[in-house]
Amino acid sequence: MEARLNEPLTEDARNLRALSSEGGPILEFGGENPFVSYVASNALLSLQNPRTESAGEPSFLITSQVMELQFKLASIEVARTRDLLDVDDVGAALWTLRRLRHVYSSLSSSWDVLSTLSPAEYGEFRDQLGEGSGFQSYMYREMEFVLGNKNPALAEAHSGDAQVYRRLQQRLSEPSLYDAALRLLWRRGLPVPDDCVERDWSVPYLEQEAVVEAWRTVYVERDKHRDLYLLAEALVDLAHDIARWRSLHLLTAERLLGAKVGTGGTTGADWLRRVADHRFFPELWMTRTRL
Ligand code: HEM
């Protein structure tokens, strides 16, 4: 059979092909291996270049790269969820949030690999980082901005790269996922203040008593606001999963560094502890005290 894999096949053609190969895999291609081409494996697998002979460095380098890719996937899905809320499609937003949970669960599992490093193994390649730190990950920063943790000062770490900087400024200036959720509550007639509906989105969000009250209404009247109630709990799931990733980061850093300062210039574990204390979608956490 002559069909080429990288041309879309009909289901019938696929069945015929399986028949002719007696159910076995295709081993010859007219040209490029189609999986390698689709995944860009050659480019992707050429990027793992440890700088030392340390047995721990491939784990650190590859896990960092995997996390970078997952930050990218999370950013895409968070932005998609936000856009779905903007058009009042809460059902589709919940569907995307369901996938996002698994992205964060997978991100958290990655710390298991890094927690097998001993301080001595980490020390064998740590110097290679120089002043490099995950703190400088622009994909992570973009993900934080689109989720709602806006901090214009932190975008400055990327002012040397015009394209990245423009993208971060764009993310800063547009509504976040949480902004979209509050706008949805407002459209549904819940008592969300007007300044949550239109404002300078690049200014860090400050929690408001009236928003706690709006979420409390959703929880108390959950039969009336069924989809908003499900959304609220799905957002708390997400915030919970991100907090878990951050807590595991802190634990891993603490077991490798103790109280040493970070390569990125912070106090290290102390600084990460403050990061781990931050909560996305703050009023959803505050509401719990009132229920
Ligand atoms: C396993 C060894 C690791 C240690 C000891 C460690 C330690 C630290 C420390 C001390 C900081 C604070 C900034 C600084 O002074 O450097 C930091 C920030 C950060 N690290 Fe790691 N890290 C590790 C692995 C990773 C990996 C694999 C990633 C994934 C890309 C990562 C992502 C980040 C991010 C995104 C921040 C900034 C957090 C924020 O601003 O909210 N780290 N890390």
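Here the structure is a predicted model, which is why all the values come from computation and not from measurement.

1. Observations concerning the side chain of Glu-142
Line of reasoning, step 1. Summarising the element assignment, Glu-142 is placed in helix α7 (residues 138-147).
Line of reasoning, step 2. Given a relative accessible area of 2%, Glu-142 falls into the buried group.
Line of reasoning, step 3. Once you skip the residues sitting within four places of it in the chain, Glu-142 turns out to touch Ser-75, Arg-167, Leu-168 and Arg-171.

2. Things to note about the site of the ligand
Line of reasoning, step 1. Every one of the 26 residues lining the ligand counts as a neighbour, but Ser-133, Tyr-140, Arg-141, His-249 and Thr-266 are closest to it.
Line of reasoning, step 2. Arg-141 has a polar side-chain atom sitting 2.9 Å from an oxygen atom of the ligand.
Line of reasoning, step 3. At 2.9 Å, a side-chain N or O of His-249 approaches a nitrogen atom of the ligand.
Line of reasoning, step 4. Elements that contribute at least two residues to the shell around the ligand include exactly α4 (57-86), α5 (90-114), α7, α12 (226-257) and α13 (269-277).
Line of reasoning, step 5. Ranked by residues supplied to the shell around the ligand, first place goes to α12 with five residues.
Line of reasoning, step 6. Taken together, the residues of the shell around the ligand sort by class into 14 nonpolar, 11 polar and one charged.

3. Comments concerning the UniProt feature "binding site: heme" (unreviewed entry) in the protein
Line of reasoning, step 1. With numbering matched to this structure, UniProt assigns "binding site: heme" (unreviewed entry) to His-249.
Line of reasoning, step 2. Residue class for His-249 comes out partly exposed when judged on its relative accessible area of 24%.
Line of reasoning, step 3. When neighbours within four sequence positions are excluded, His-249 is seen to be in contact with Trp-111 and Leu-272.

4. Structural notes on the nonpolar core
Line of reasoning, step 1. Grouped together as the largest cluster of nonpolar side chains are 57 residues, with contacts concentrated most on Tyr-104, Leu-147, Trp-215, Leu-235, Leu-238, Phe-281 and Leu-284.
Line of reasoning, step 2. At the level of secondary structure, the elements contributing two or more residues to this core comprise α4, α5, α7, α10 (177-187), α11 (209-220) and α12.
Line of reasoning, step 3. Broken down by element, the residue count for this core peaks at 13 residues, all from α12.
Line of reasoning, step 4. Residues contacting Phe-281, with those up to four places away along its chain left out, are Leu-147, Leu-177, Tyr-178, Leu-235, Leu-238 and Ala-239.

5. Thoughts on empty space enclosed by the protein
Line of reasoning, step 1. Under the defined criterion, the tally for this structure stands at one cavity of 30 Å³ or more.
Line of reasoning, step 2. The calculated volume of the largest cavity comes to roughly 40 Å³.
Line of reasoning, step 3. Phe-71, Tyr-104, Leu-107, Tyr-140, Met-143, Glu-144, Ile-242 and Trp-245 together form the lining of the largest cavity.
Line of reasoning, step 4. Elements with a minimum of two residues in the lining of the largest cavity: α5, α7 and α12.
Line of reasoning, step 5. If you tally residues by element for the lining of the largest cavity, the top one is α7, at three residues.
Line of reasoning, step 6. Of the residues that constitute the lining of the largest cavity, the class distribution is seven nonpolar, no polar and one charged.

6. Looking at the pattern of salt bridges
Line of reasoning, step 1. Under the counting rule described, the total for this entry stands at 21 salt bridges.
Line of reasoning, step 2. A salt bridge links Glu-144 to Arg-141; the nearest nitrogen and oxygen atoms lie 4.0 Å apart. In this pair, Glu-144 and Arg-141 both sit in helix α7, three residues apart, roughly one turn of the helix. Note on accessibility: Glu-144 and Arg-141 belong to one class, buried.
Line of reasoning, step 3. Where Asp-179 meets Arg-199, a salt bridge forms, and the shortest distance between an N and an O atom there is 3.3 Å. Of the two residues, Asp-179 is situated in helix α10 and Arg-199 in the loop between α10 and α11; the sequence distance between them amounts to 20 residues.

7. Section: the domain arrangement of the protein
Line of reasoning, step 1. The assigned domain composition of the protein is domain 1 (11-44) and domain 2 (58-290).
Line of reasoning, step 2. Centre-to-centre, using C-alpha coordinates, domain 1 lies 39 Å away from domain 2.

8. Re a nonpolar patch on the surface
Line of reasoning, step 1. Judged by side-chain polarity, Phe-35, Tyr-38, Val-39, Leu-44, Leu-45, Leu-47 and Leu-69 come together as a nonpolar surface patch covering roughly 780 Å² of accessible area.
Line of reasoning, step 2. With respect to the element layout, Leu-47 can be found in the loop between α3 (41-44) and α4.

9. A word on the coordination of the iron atom of the ligand
Line of reasoning, step 1. A lone protein donor binds the iron atom of the ligand: His-249 (NE2), at 2.2 Å.
Line of reasoning, step 2. On the secondary structure map, His-249 appears in helix α12.

10. Let's talk about α5
Line of reasoning, step 1. Compared with the 36 Å implied by 1.5 Å per residue over 25 residues, the 37 Å span of α5 between its first and last C-alpha is a close match.
Line of reasoning, step 2. All of the buried residues along α5 are Val-90, Ala-93, Thr-96, Leu-97, Leu-100, Val-103, Tyr-104, Leu-107, Ser-108, Ser-110, Trp-111 and Leu-114.
Line of reasoning, step 3. Lining the buried residues of α5 we find α4, α7, α10 and α12.

11. Overview of the packing of α10 against α12
Line of reasoning, step 1. As a packed pair, α10 and α12 sit with axes 12 Å apart at the nearest point and diverge in direction by 165°. Looking at the two axes, α10 sits roughly antiparallel to α12. In this structure, the crossing between α10 and α12 has a hand that is left-handed. Contact residues: Leu-177, Ala-181, Leu-184 and Leu-185 in α10; Leu-228, Leu-231, Leu-235 and Leu-238 in α12.
Line of reasoning, step 2. When its residues are assigned to classes, the contact of α10 with α12 shows eight nonpolar, no polar and no charged.

Quick notes on the rules
Residues numbered from 1 in each chain as written. Predicted model: local features only at pLDDT ≥ 70, side-chain atom pairs only at ≥ 80, totals over all residues. Heavy atoms only, no water. Helix = DSSP H or I, 4+ residues; strand = E, 2+ residues; numbered from the N terminus. Buried < 20%, exposed > 50% of the residue type's maximum accessible area, 1.4 Å probe, protein only. Contact = heavy atoms within 4.5 Å. Near = heavy atom within 4 Å. Polar contact = N/O pair within 3.5 Å; in protein donor to acceptor, adjacent residues only side chain to side chain. Nonpolar A, V, L, I, M, F, W, Y, C, P; charged D, E, K, R; others polar. UniProt positions renumbered as here; feature names shortened; annotations may be inferred. Core = buried A, V, L, I, M, F, W, Y, C linked by side-chain atoms within 4.5 Å. 1 Å grid on protein atoms, 1.4 Å probe; cavity = no way out; pocket = protein on both sides within 12 Å on 5 of 7 lines; lining within 4 Å. Points joined across faces, edges and corners; volume = space filled by probe spheres on them. Salt bridge = Lys/Arg side-chain N within 4 Å of Asp/Glu carboxyl O. Domains from an automatic or database assignment. Patch = residues over 30% accessible without salt bridge, like charges linked within 9 Å, V, L, I, M, F, W, Y side chains within 5 Å. Areas by Shrake-Rupley, 256 points an atom, 1.4 Å probe, with all protein chains shown as cover. Donors = N, O, S within 2.8 Å, 3.2 Å for Na, K, Ca; no water. Expected span 1.5 Å × (residues − 1). Axes fitted to C-alpha atoms, helices over the stretch in contact; angles between N-to-C directions. Parallel < 35°, antiparallel > 145°, perpendicular 65-115°, else oblique. Left-handed = near helix turned anticlockwise from the far one by under 90°.

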